[in-house]
Amino acid sequence: MIRITDILDKAGEYLTPADLEMIEKAYIFSASVHKGQVRLSGEPYLTHPMEVAGILVDLKLDSAAIVTGLLHDTVEDTLATPDQIEESFGRDVVFLVNGLTKLSKITFGSREERQAENFRKMIMAMSSDIRILLIKLADRIHNMRTLEFQTPENQQFIAGETLDVYAPLANRLGIYWMEVELEDLAFRYLHPEHYYELSTQIAKRKDEREKYTEEVEAILRKELKKSGLKGEVEGRAKHFYSIFKKMKEQHINFDEVYDLTAFRIILDSREKECYEALSIIHSLWKPVRGRFKDYIAMPKANNYQSLHTTVIGPHAERMEVQIRTMAMHEWAEKGIAAHWRYKEGGLSREDENEQINKLRDLFEIQQDLNDPREFMDNLKISLFPDEVYVFTPHGDVKSFPKGATPVDFAYSIHTDIGNQCTGAKVNRNIVPLKYKLQNGDTVEIITRKGHHPSRDWLRYAVTSRATSKIRSWVKTEGRKMSISLGRDILEKEFKKYNLNLNQIVKSDESKKICEEYSIATLDDLAANIGYGKVSVRHIVGRFLPKKKRGFLDIVSEKLKRKPAAPLSRGVSLTGIDDVMVRFAGCCDPLPGDSIIGYISRGRGMTVHTADCSMIKDMDTARLVDVQWNLKEKHTYPAHIRVNCKDKKGLLAEITSAMLAKDVNINHAEIDTTPGKSAICNLEIEVNDLKHFKEVVYELKKLKSVLSVERIKRAIPDPIEKEVLG
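Note that the structure is a prediction, hence the values are computed from the model and not measured. (Residues numbered from 1 in each chain as written. Predicted model: local features only at pLDDT ≥ 70, side-chain atom pairs only at ≥ 80, totals over all residues. Heavy atoms only, no water.)

Thoughts on the overall build of the protein chain
Next, step 1: The secondary structure content of the protein chain amounts to 30 helices and 23 strands.
Next, step 2: For the protein chain, the proportion of contacts with a sequence separation of at least 24, taken over those separated by at least 6, is 66%.
Next, step 3: Total accessible area on the protein chain stands at roughly 36800 Å², and carbon and sulfur atoms take up 50% of it. (Helix = DSSP H or I, 4+ residues; strand = E, 2+ residues; numbered from the N terminus. Contact = heavy atoms within 4.5 Å. Areas by Shrake-Rupley, 256 points an atom, 1.4 Å probe, with all protein chains shown as cover.)

Brief notes about the environment of His 194
Next, step 1: In this structure, His 194 sits in helix H12 (residues 192–204).
Next, step 2: Along the primary structure His 194 and Phe 244 are separated by 50 residues, whereas in three dimensions their C-alpha atoms are 7.9 Å apart.
Next, step 3: Here His 194 is in contact with Phe 187, Phe 244 and Ser 707, once residues within four sequence places are set aside.

Section: the packing of aromatic side chains
Next, step 1: Per the counting criterion, the structure on display carries twelve aromatic pairs.
Next, step 2: Aromatic side chains Phe 187 and Tyr 195 sit 5.6 Å apart centroid to centroid with 70° between the ring planes, which places their arrangement in the edge-to-face category. For the pair shown, Phe 187 and Tyr 195 are each scored as buried.
Next, step 3: Within the aromatic cluster, the residues linked to one another by ring pairs are Phe 187, Tyr 195, Tyr 196, Phe 240, Tyr 241 and Phe 244. (Phe/Tyr/Trp six-rings, centres within 6.5 Å; stacked < 30°, edge-to-face > 60°. Buried < 20%, exposed > 50% of the residue type's maximum accessible area, 1.4 Å probe, protein only.)

Digging into the sheet that holds strand E11 (residues 421–426)
Each strand in a sheet pairs with its neighbour through backbone hydrogen bonds, running either in the same direction (parallel) or in the opposite one (antiparallel).
Next, step 1: The antiparallel open sheet is built from three strands, whose spatial order is E12-E11-E13. Strands with a single pairing partner mark the edges of an open sheet, and in this sheet they are strand E12 (429–431) and strand E13 (443–447). Within the sheet, the average angular offset between the axes of one strand and its neighbour, ignoring direction, is 35°.
Next, step 2: For E11 and E13, the ladder comprises five bridges, and the chain directions are antiparallel. Bridge pairing links Cys 421 to Thr 447 in E13.
Next, step 3: Helix-sheet contacts for helix H19 (residues 406–413) involve E11, E12 and E13, and the interaxial angle to E13 is about 80°. (Pairing = 2+ DSSP bridges. Axes fitted to C-alpha atoms, helices over the stretch in contact; angles between N-to-C directions.)

Structural notes on the packing of helix H11 (residues 176–190) against H12
Next, step 1: Packing of H11 against H12 leaves a shortest axis separation of 5 Å and a crossing angle of 115°. Packed against H11, whose contacting residues are Asp 184, Phe 187, Arg 188, Tyr 189 and Leu 190, the element H12 presents Pro 192, His 194, Tyr 195, Tyr 196 and Leu 198 at the interface.
Next, step 2: In terms of residue class, the contact of H11 with H12 is built from seven nonpolar, one polar and two charged. (Nonpolar A, V, L, I, M, F, W, Y, C, P; charged D, E, K, R; others polar.)

Quick word on unusual backbone geometry
Backbone geometry follows two general trends: most residues other than glycine have a negative phi, and most peptide bonds adopt the trans configuration.
Next, step 1: Positive phi values are uncommon outside glycine, yet Asp 588 reaches one of about 50°.
Next, step 2: Structurally, Asp 588 can be placed in the loop between strand E15 (581–583) and strand E16 (595–600).
Next, step 3: For Asp 662, which is not a glycine, the phi torsion comes out positive at approximately 55°.
Next, step 4: Of note, Asp 662 is situated in the loop between helix H28 (650–660) and strand E21 (664–673).
Next, step 5: The exposure class assigned to Asp 662 is exposed, which follows from its relative accessible area of 66%.

Things to note about the pattern of salt bridges
Next, step 1: Within the structure shown, the criterion is met by 17 salt bridges.
Next, step 2: The partner of Glu 234 in a salt bridge is Arg 264, and the shortest N-O contact between them spans 2.9 Å. Pair noted here: Glu 234 is in strand E1 (residues 231–237) and Arg 264 is in strand E2 (residues 261–267), with a separation of 30 residues, a long-range link.
Next, step 3: Assessed through its relative accessible area of 27%, Glu 234 is described here as partly exposed.
Next, step 4: By relative accessible area, Arg 264 is classed as buried at 5%.
Next, step 5: Between Glu 653 and Lys 647 there is a salt bridge whose closest N-O contact spans 2.7 Å.
Next, step 6: Overall, Glu 653 belongs to the partly exposed group, its relative accessible area being 25%.
Next, step 7: Residue classification places Lys 647 among the partly exposed residues on the basis of a relative accessible area of 39%.
Next, step 8: Ionic contacts of the salt-bridge type, sharing partners, join the residues Asp 62, Asp 92 and Arg 131 into one network. (Salt bridge = Lys/Arg side-chain N within 4 Å of Asp/Glu carboxyl O.)

Observations regarding the nonpolar core
Next, step 1: Membership of the largest hydrophobic core comes to 71 residues, with the highest contact counts inside it found for Ile 7, Ile 23, Leu 71, Ile 85 and Met 178.
Next, step 2: Ignoring sequence-local partners within four residues, the contact set of Ile 23 consists of Ile 4, Ile 7, Leu 8, Ala 11, Leu 15, Ser 63, Ile 66, Val 67 and Leu 70.
Next, step 3: By size, the runner-up hydrophobic cluster in this structure holds 33 residues, among which are Val 607, Ala 657, Met 658 and Leu 699. (Core = buried A, V, L, I, M, F, W, Y, C linked by side-chain atoms within 4.5 Å.)

A short note on the sheet that holds E21
Next, step 1: The antiparallel open sheet is built from four strands, whose spatial order is E21-E22-E20-E23. Two strands bound the open sheet, and with one partner strand each, they are E21 and strand E23 (705–710). On average, adjacent strands in this sheet sit at an angle of 20° to one another, irrespective of strand direction.
Next, step 2: Across ten bridges, the pairing between strand E20 (residues 636–645) and strand E22 (residues 677–686) is antiparallel. Its bridge partner being in E22, Asn 643 is matched across the sheet by Ile 679.
Next, step 3: The sheet contacts of H28 involve E20, E21 and E22, and relative to E22 the element is tilted by about 25°.

Details of the side chain of Glu 51
Next, step 1: Here Glu 51 lies in helix H3 (residues 47–58).
Next, step 2: Arg 145 provides the closest opposite charge to the buried, unpaired Glu 51, separated from it by 4.8 Å. (Lys, Arg positive; Asp, Glu negative; His and termini not counted.)

Considerations on H19
Next, step 1: In terms of burial, H19 is a largely internal element, six of the eight residues being buried.
Next, step 2: For H19, the complete set of buried residues consists of Pro 406, Val 407, Asp 408, Phe 409, Ala 410 and Tyr 411.

Description of the confidence of the model for the protein chain
Next, step 1: Across the protein chain, pLDDT averages 79, with 79% of residues at or above 70.
Next, step 2: The low-confidence segment residues 341–352, where pLDDT is below 50, has 19 contacts with residues more than four positions distant or belonging to other chains.
Next, step 3: For the stretch residues 573–578, pLDDT sits under 50, and the model shows ten contacts to residues farther than four places along the chain or on other chains. (pLDDT = per-residue confidence, 0-100.)

A few points about the state of the cysteines
One way to say it: the disulfide is the covalent bond shared by the sulfur atoms of two cysteines.
Next, step 1: Following the criterion strictly, the structure yields zero disulfides and no others.
Next, step 2: Counting only cysteine sulfurs, Cys 612 is the nearest neighbor of Cys 586, a cysteine outside any disulfide, at a range of 3.6 Å.
Next, step 3: With a relative accessible area of 2%, Cys 586 lands in the buried category.
Next, step 4: The cysteine Cys 644 is free of any disulfide, with Cys 680 supplying the nearest cysteine sulfur at 4.0 Å.
Next, step 5: Owing to a relative accessible area of 1%, Cys 644 belongs among the buried residues under this scheme. (Disulfide = S-S within 2.5 Å.)

Right, dumping it as structure tokens:
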């Protein structure tokens, strides 16, 4: 456990005695208000703010940030108040503490909504002071280091959130060591079997890798000295998550990963010498085509600068070499924290100003999103770390996430340019809008006045700005279409009974109907009828005299009085009753999955998992929030893929494991490969996501099984094809 003397000793290397006195005062205050509280590990709660403060000292942040690290949970988890914090430690500290305090006193409809609002609040506060993000990252680092004491469910949620949001945030701020540690810790809990298997295999190769590293380092030092270049040479093992990603993306096993070690040359002086060092590397070993990246001439979005090259090194092994100056290295390791300088009465943002503004611009679009799911999806897209760099016709450089298209480029210029985009020229050649931008492309957008976005654009737009603008337009147009359709249906139905719609709109009865359905205008009513949420027969029946109602009267009264029927198989949908519910065959939702509903005219609602690939192609105006509401036990189909070693009795082993968990196998397909491996694709019936995970765990215990994964077919059934078509 870190001690206050350790924090003060490190802080004393760059802070004043007055600053140290304030830090010690904060320690005493925190110890007092947290007295008696313990963490899930059984340790005193004070250990957490102490560890957070220790990380902030390592980043060499100012005294206000370190004091906030010690106090960041006091307002939320103790009886301490913001007024007390301000009185004792000043306005700067209370602002930072408030920016980090979760929205614990507000009631939210879902965990996802709470998560989205907490991030929204943090981002808004960051707009005034980026230290809030640095402190939050330090907080998350320590929480991830002690994640073993959480429940398995919380481990999965926190680790997933860390990998999706916090690690990319560390990347955006350029703090490499934080990004690496957060990724590896999240990997450990999200894929424990892969993590421990990888750590075991890497440990076996340790002596071999160390010998190889020493050999290459000696060669590089000798050659640099010959050329009069001064600097350091170091070899480092690639971190676990980066190796796992490579294996997954390239569909290779561990034995096929050759570049487990990366080498770094850190030169004392100018960037010109980086290119001299590069020429030395390429004269020693043959470079691999397409594997050279010049991040000095074209820095990454987080201002990272370095030369990267992959060569065929000693013993014909591929190896990556990074070349940079000492100043570039400091930024690469510590990012924005390396240059965050403060002075009395305010803070200096000279070198960092451009980077902070980039981050603020990146989050700007998020503030207009009300849907928590959409907010989180866009936030993850915005933080996507892989970049491509393209040129405008005027020679300006723009960076985009990997996979970006001309649609993303168009919306990055202006919303009107994006909306009116009809085509694009890349390097003077006309390309389709779904063309994926490549490094060095020069892009020109072709527009036509009066042109509008297409819902199809959502299939290949990847930036949060582009997807938000397209969805906004699609929602607006979708509502217009539903209003038009609803009005048409209303007018035709009223005409059958010689009723005048325009006169009825102004009646008291129409006001009552609006109140019943919690809507404000006729347009809202027409939209609900167009979506199929409201029965037009019920509405018309309300305006007919009783003697003329006949059968319609009976139907109307039944519709009016009938209690809300529970939706099938444990799904609840707020505000809409009597909707036929079916589960999508493309993604097989299980209780425990995040889900979303799609309303089809005349066909009820189809429930998909929230991450189903089909959602992107659907009319966003018809997507509705749904939740699991399990009152009865049901079984649900799930598809599972088991990769294993081929041997006699394999299917019997798998079947026995399934029976042990009371699982029925509906369908099985087994393919064998020449390498004596087998792939078993199974359709099984389970009770919920927890039951499914138990099945996966049971299968992984089998010696023959190499890996188990849930698969989603992502193929629409005929009804969905018609809806999407």
